[in-house]
Amino acid sequence: MKKILIYTLAACLSAVSLTSCETVDLAEILGKDSDSKGSAAMQTLRINATSTEGTVTYPVTVYAFMSDGSYVASQTIASASNSLSLKLAPGTYRIVALAGTEGLTIPEVDNINTTIDIPSQNTTALQMGSANVTIGTTSVSAYINMGYMVSGVRFTLSQVPEDATDVSVTVSNIASAMDFTGTTSGTSDVTIPLSETIEYGVWSSSEVYIMPSNASSTILTINITRPDNAETYSYTHSSGLE
């Protein structure tokens, strides 16, 4: 999982890592291959998705692209008990699987460079995996390793003034979009609210997922609202959020 650890002033930002492993069979071969003469026989693809970073989140959508990047077909799998019925003509394809897309609006896909706008923060971790597949005259199995495309972060700030009424952390220079190759683009900021804990002077956020940085540095801004004024404290991390 992409992650970052940053310490600033009296604050500690820690990334949450998922380390369990799960192998999920996403597809079964369905039906029989066409034996029509004079046309290419369609073959059904079987996909095994494995994540070494955590469990695979359903639903999973599998996209097939030609070698030139043009879109061919897709199917969404609602759960591990469902199977993939995706038949493809002989040729070379790029297969892309997306999971953890709750909260995303997937546009009409034209090619592999179609851009998906990513919310500044989400409670579901976006996963992606891909594989090159050559379809011939027999059924083919593809094995895709699903990886996280986001960083899971939880902020905890200590020594916050007793009279603080509102606390948040703004992370700057994070990506705002991604295409089906996993290439990110755009730049945005995300402000994550914190809540006061039962521990004196300690405020904490819930776990959220944000995109990596598209800049060479990451800027954190701590925002503290007090009865008489608003205070900000900035820290620049020397590398981008990964």
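These remarks concern the structure in this document. (Residues numbered from 1 in each chain as written. Predicted model: local features only at pLDDT ≥ 70, side-chain atom pairs only at ≥ 80, totals over all residues. Heavy atoms only, no water.)

1. Focus: the overall build of the protein
Rules: For the purposes of this entry, the term helix denotes a DSSP run of H or I that reaches at least four residues, the term strand denotes a run of E that reaches at least two, and both are numbered from the N terminus. Whether a residue is buried, partly exposed or exposed follows from its accessible area with a 1.4 Å probe, protein chains only, as a fraction of its type maximum: under 20%, in between, or over 50%, in that order. Any two residues whose heavy atoms approach within 4.5 Å at even a single point are treated as in contact. The accessible surface values rely on the Shrake-Rupley method and a 1.4 Å probe; as for residues, cover is taken only from the protein chains in view.
For the protein, the helix and strand inventory stands at 0 helices and 21 strands. The 242 residues of the protein split such that 45% are buried. The long-range fraction of contacts in the protein, counting pairs at least 24 apart against all pairs at least 6 apart in sequence, stands at 68%. Entry remark: accessible area of the protein is about 11,600 Å², with carbon and sulfur atoms responsible for 48%.

2. A short note on the sheet that holds strand β5 (residues 60–66)
Applicable threshold: The criterion for strand pairing is that DSSP finds at least two bridges linking the strands in question.
Spatially, β6-β5-β8-β10-β12 is the arrangement adopted by the 5 strands of the open sheet, whose pairing is antiparallel. Unpaired on one side and paired on the other, β6 (71–77) and β12 (147–148) mark the two borders of the sheet. The sheet contact formed by strand β8 (residues 91–99) and strand β10 (residues 127–135) spans 9 bridges and is antiparallel. Each residue of the ladder has a partner; that of Ile 95, found in β10, is Ala 131.

3. Focus on the side chain of Thr 61
Put simply, the rule is: Side-chain atoms alone can form a polar contact between residues adjacent in sequence; in general such a contact is a pair of N or O atoms within 3.5 Å, and within protein one must be able to donate a hydrogen while the other accepts it.
Along the polypeptide, Thr 61 turns up in strand β5. Thr 61 gets classed as buried once you look at its relative accessible area, which sits at 12%. Polar contacts involving the side chain of Thr 61 include one to the side chain of Thr 76, which spans 2.9 Å. Leave out the neighbours within four places in its chain, and Thr 61 touches Gln 75, Thr 76, Val 96, Ala 97 and Leu 98.

4. Side note on the sheet that holds strand β15 (residues 177–179)
Strand order in this open sheet of 3 strands is β9-β15-β16, and the pairing throughout is antiparallel. With partners counted over all chains shown, the strands left at the sheet margins are β9 (115–117) and β16 (184–185), one partner each.

5. Considering the pairing of strand β14 (residues 166–174)
The buried count for β14 comes to 8 of 9 residues, which makes it a mostly enclosed element. Sheet topology places β14 next to strand β20 (residues 218–225); 7 bridges connect them, and they run antiparallel. Looking at β20, one finds that Val 167 is bridged to Ile 224. Note: β14 against strand β17 (residues 188–196), 6 bridges, orientation antiparallel. Note that in β17 the partner of Val 169 across the bridge is Ile 192.

6. Thoughts on the nonpolar core
Condition: Buried residues of nine kinds, namely Ala, Val, Leu, Ile, Met, Phe, Trp, Tyr and Cys, make up a nonpolar core once their side-chain atoms join them within 4.5 Å.
Ranked by internal contacts, the top residues of the largest apolar core, which has 20 residues, are Phe 65, Leu 98, Ile 118, Leu 126, Met 178 and Phe 180. Looking at this core, the elements that each hand over two or more residues are β5 and β8. With 19 residues, the next largest nonpolar core counts Val 62, Ile 95, Val 133 and Ile 144 among its residues.

7. What about unusual backbone geometry?
Here the bond from Tyr 58 into Pro 59 is cis, since omega is 5°, no more than 30 degrees from zero. By the element assignment, Pro 59 lies in the loop between β4 (43–51) and β5. A positive phi is found at Gln 159, a non-glycine position, where the angle reads about 60°. Not every positive phi belongs to a glycine, and Asn 173 is a case in point at roughly 70°.

8. Points about the packing of aromatic side chains
The geometry of an aromatic ring pair is captured by the separation of the ring centres together with the interplanar angle, meaning the angle of the planes. To be explicit about the condition: Aromatic rings from Phe, Tyr and Trp, with only the six-membered ring used for Trp, were paired whenever their centres fell within 6.5 Å, and each pair was classed as stacked if the ring planes differed by under 30 degrees, edge-to-face if by over 60, and tilted otherwise.
Counted according to the given criterion, the structure contains 4 aromatic pairs. Aromatic side chains Tyr 63 and Phe 180 sit 4.8 Å apart centroid to centroid with 65° between the ring planes, which places their arrangement in the edge-to-face category. With a gap of 117 residues between them, Tyr 63 in strand β5 and Phe 180 in the loop between β15 and β16 connect regions that are remote in the sequence. Just as Tyr 63 is buried, Phe 180 falls in that class too. For the pair Phe 65 and Phe 180, a centre-to-centre distance of 5.6 Å together with 55° between the ring planes defines the contact as tilted. With Phe 65 in strand β5 and Phe 180 in the loop between β15 and β16, this pair connects stretches of sequence that are 115 residues apart. Phe 180 matches Phe 65 in its accessibility class, with the two residues each being buried. Linked through ring pairs, Tyr 63, Phe 65, Tyr 71 and Phe 180 together constitute an aromatic cluster.

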